[in-house]
Amino acid sequence: MRYDPVKSRIGRLVSRSVWLRKIFYALLDILLLRTWHVRKALRNFNKAKPGAENILDAGSGFGQYAYRMWKLNSKWKITGLDIKQEQVGHCNYFAAKTGAGDRLSFQVADLTGFSEKEKYDLVLSVDVMEHIEDDTGVFARLFNSLRGGGWLIISTPSDRGGSDVHHEDEDSFIDEHVRDGYGMQEIKEKLLSAGFTDIKCKYTYGRPGKISWKISMKYPIIMLNFSMTLAVILPFYYILAMPPALVLNYLDLHMEHREGTGLLVVAKKT
């Protein structure tokens, strides 16, 4: 199953209109469970670090997290990095058209070669590290890019069924991943070796989240991967799917999970 081609088609579609992109961002905010967990982590950072100024979205994708951070705090200057030039172009166009370009910009960059010494107060990385082979090198570079007291927030699949892989002989639902997920101890050790301290990990996508992900994301992506013409039935599908998905997302956000298919990690540079 190819996830990136579907994302690319959606990206080109919503890039045609600022309002389409805003609607798309709103839908991602509502439907994507990881967004619920990331929003909570960003609010915690905003309260804990009121003097923060420079923020890095490391692997900005569609740009929805960078735009959310631009709205969250009027003092933050946000830089989004992505390896795809087309994505970066679309995001910069959107930022300019919405008047966000004064504090929000996007650049083409490969995280395996990126480093800006002690520049950022926060680095956010959502669904990125599972795509990068040299993750330990990137962790070290992100550590060097943070100022003292800075935070790194990571959302990534876990090894407890992340990428929809539950057995060794299964293939990932998203075959662009170089790893199916992280063990909690594994990612802690890699971050410690990069220099981070005060590392907190929690499972996301517990029982309610796993069901919500299938309803709100997996099945629609399967449909679109089969044929983009099926997009015409998605509004009707989501009329039925959205209410239970929202309830499940709320439960996942407020429950403590013994295990889950996702990880939310907060690490600090002292």
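Preceding block: the structure.
What counts and what doesn't
Residues numbered from 1 in each chain as written. Predicted model: local features only at pLDDT ≥ 70, side-chain atom pairs only at ≥ 80, totals over all residues. Heavy atoms only, no water. 1 Å grid on protein atoms, 1.4 Å probe; cavity = no way out; pocket = protein on both sides within 12 Å on 5 of 7 lines; lining within 4 Å. Points joined across faces, edges and corners; volume = space filled by probe spheres on them. Helix = DSSP H or I, 4+ residues; strand = E, 2+ residues; numbered from the N terminus. Nonpolar A, V, L, I, M, F, W, Y, C, P; charged D, E, K, R; others polar. Pairing = 2+ DSSP bridges. Axes fitted to C-alpha atoms, helices over the stretch in contact; angles between N-to-C directions. Buried < 20%, exposed > 50% of the residue type's maximum accessible area, 1.4 Å probe, protein only. Contact = heavy atoms within 4.5 Å. Salt bridge = Lys/Arg side-chain N within 4 Å of Asp/Glu carboxyl O.

1. A short note on empty space enclosed by the protein
Move 1: Applying the stated criterion across every chain yields a total of one cavity of 30 Å³ or more.
Move 2: Taken together, Val 14, Ser 15, Ser 17, Val 18, Arg 21, His 90, Tyr 93 and Phe 94 form the lining of the largest cavity.
Move 3: When residues of the lining of the largest cavity are traced back to their parent elements, those giving at least two are α2 (18-31) and α5 (85-97).
Move 4: In terms of residues, the lining of the largest cavity owes the most to one element, α5, which gives three residues.
Move 5: Of the residues in the lining of the largest cavity, the class split is four nonpolar, three polar and one charged.

2. Re the sheet that holds strand β7 (residues 262-268)
Move 1: Spatially, seven strands are ordered β3-β2-β1-β4-β5-β7-β6 in an open sheet, and the strand pairing comes out mixed. In this open sheet, the two strands that pair with only one neighbour each are β3 (104-108) and β6 (197-204). In this sheet, adjacent strand axes meet at a mean angle of 15° when their direction is disregarded.
Move 2: Bridge analysis of strand β1 (residues 54-58) against strand β4 (residues 120-126) gives three bridges, and the strand direction is parallel.

3. Focus: the environment of Ile 55
Move 1: Take Ile 55: it is sitting in strand β1.
Move 2: A C-alpha to C-alpha distance of 9.4 Å links Ile 55 and Leu 146, two positions 91 residues apart in sequence.

4. Here we look at the side chain of Asp 135
Move 1: Within the secondary structure, Asp 135 sits in helix α6 (residues 135-145).
Move 2: We classify Asp 135 as buried; its relative accessible area is 3%.
Move 3: Filtering out sequence-adjacent residues up to four positions away, Asp 135 remains in contact with Met 129, Arg 179, Tyr 182 and Lys 190.

5. Quick word on the pattern of salt bridges
Move 1: Enumeration according to the criterion identifies twelve salt bridges in this entry.
Move 2: Notably, a salt bridge pairs Asp 29 with Arg 68, separated by 2.7 Å at the nearest N-O pair. Of this pair, Asp 29 sits in helix α2 while Arg 68 sits in helix α4 (residues 64-72), and the two are 39 residues apart along the sequence.
Move 3: Taking the relative accessible area as the measure of exposure, Arg 68 reaches 24% and is therefore partly exposed.
Move 4: Salt bridges linked by common partners bring Asp 135, Arg 179, Glu 186 and Lys 190 together as one network.

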